[in-house]
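The primary structure of each chain is shown beneath.
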Amino acid sequence: MSELEPGGPPTSWERQAIEKVALAAITEQRRARQWGIFFKLLLFIYLFALLFIGMGWFGKKDTSPGRHTAMVELSGVIATNTLASADNVMAGLQDAFKDKRTQGVILRINSPGGSPVQAGYITDEMRRLRAKHPEIPLYAVVEDICASGGYYVAAAADRIFIDKASIIGSIGVLMDGFGFTGTLEKLGIERRLLAAGDNKGFLDPFSPLPESQKQHAEQMLKQIHEQFIGVVRAGRGMRLKETPDIFSGLLWVGEKSIELGLADELGGIEYVAREVIKAEDIVDFTPRENIAERLARKFGAGMAEGLARLGLTQGMTLR
């Protein structure tokens, strides 16, 4: 029988055709699975490479085979958990001085100020490193602004270089906040503050400010201001022209700050590296954030900002 009768078994050639179709389908499925595995592997390698870069496991800093000028940035508000924190800046300075090819170190500053404690940590470390490596000079190069806590740090450098439009100074301390007592009364809101200790609610924004607490706060500000003045006098020495306004918190621009002895001369980082340190190659030793650190810092900054808006945080600032 050469033809397939209805309901009968398939012939040999029909069986072969069915087997070929089934094998082709199986082969195609295997190819599709292999290509799927291949593309998944490529995606995994790509994501791993991004993570590798993001976590900062390579490419941390520029390198130079010979003599160079080391540069560390201090940019932004000087505070914990920021790029201008003492931990970050000190780590960069330590690496810069440790490198045997470093001929001089530049601290590039662009900061309106910040925490007196953080600025003090950086200043102390600058002095320690200079004493440990007396052959390596340390210069501050100012960009747009070097005010208050930024100048507190700059004063510890051997020399301060600025641009003609740079803003320098603000040698002072402040503690700012708000008082909402009148507003609460108008809104019919009663403040209930329970505390053990007469001054535990010190500078509470929702309570009246007693004269004794005001005087105590002013005394603390005065003590920190005197510390600031001592750092500037020690760093600038005879170069400083002490006018009645020099420690009043005022700011000065460019050449006027040189005239007052707050800075030494005009010049940017390239000029200082080439003409002063005599090592034109500049290597950046500033520690850089990886992705995880950046997310953590933004989360922490968001929390701190939220607390500040609620009046739950308060501190002194060199700005």
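In this report, we go over the structure that sits alongside the text. Along each chain, residue indices are assigned from 1 in the same order as the chain's sequence is written. Local features in this predicted model are restricted to residues of pLDDT 70 or higher, and side-chain atom pairs are both shown and tallied only at a pLDDT of 80 or more, whereas totals for entire chains, interfaces and linings draw on every residue. With hydrogens and water stripped out, all remaining heavy atoms of the structure feed into the side-chain values.

In this section: the pattern of salt bridges. Here, a salt bridge means any side-chain nitrogen of Lys or Arg that lies within 4 Å of a carboxyl oxygen of Asp or Glu. Here the structure, examined in full by the defined rule, presents 11 salt bridges. A salt bridge links D264 to R236, with the shortest nitrogen-to-oxygen separation between them at 3.0 Å. Residue D264 is located in the loop between α7 (254–259) and β7 (265–266), and its partner R236 is located in helix α6 (residues 211–236); the two are separated by 28 residues in the primary sequence. The partner of K256 in a salt bridge is E259, and the shortest N-O contact between them spans 3.2 Å. Of this pair, K256 and E259 are both found in helix α7, 3 residues apart, which corresponds to roughly one turn of the helix. Buried means the residue's accessible area, taken with a 1.4 Å probe over protein chains only, is under 20% of the maximum for its type, while exposed means over 50%, and partly exposed covers the values in between. For E259, a relative accessible area of 52% corresponds to the exposed category. Here the residues in one salt-bridge network are E73, R108 and E143, joined through shared partners. A run of H or I in DSSP counts as a helix once it spans at least four residues, and a run of E counts as a strand once it spans at least two, with each numbered from the N terminus.

What follows is about the nonpolar core. For the purposes of this section, nonpolar cores are sets of buried Ala, Val, Leu, Ile, Met, Phe, Trp, Tyr and Cys residues that join through side-chain atoms within 4.5 Å. L74, L93, L107, I122, M126, Y151 and L262 are the most contacted members of the largest nonpolar core, which has 47 residues in total. Mapped by element, the contributors of at least two residues to this core are β1 (68–75), α2 (86–98), β2 (102–111), α3 (116–132), β3 (138–147), α4 (149–154), β4 (159–162) and α6. In terms of residues, this core owes the most to one element, α2, which gives 6 residues. Ignoring sequence-local partners within four residues, the contact set of I122 consists of L74, I78, A84, S85, A86, V89, M90 and V153. M71, V141, V272 and I277 belong to the second largest nonpolar core, which has 9 residues in total. For this analysis, residues touch if any pair of their heavy atoms sits within 4.5 Å.

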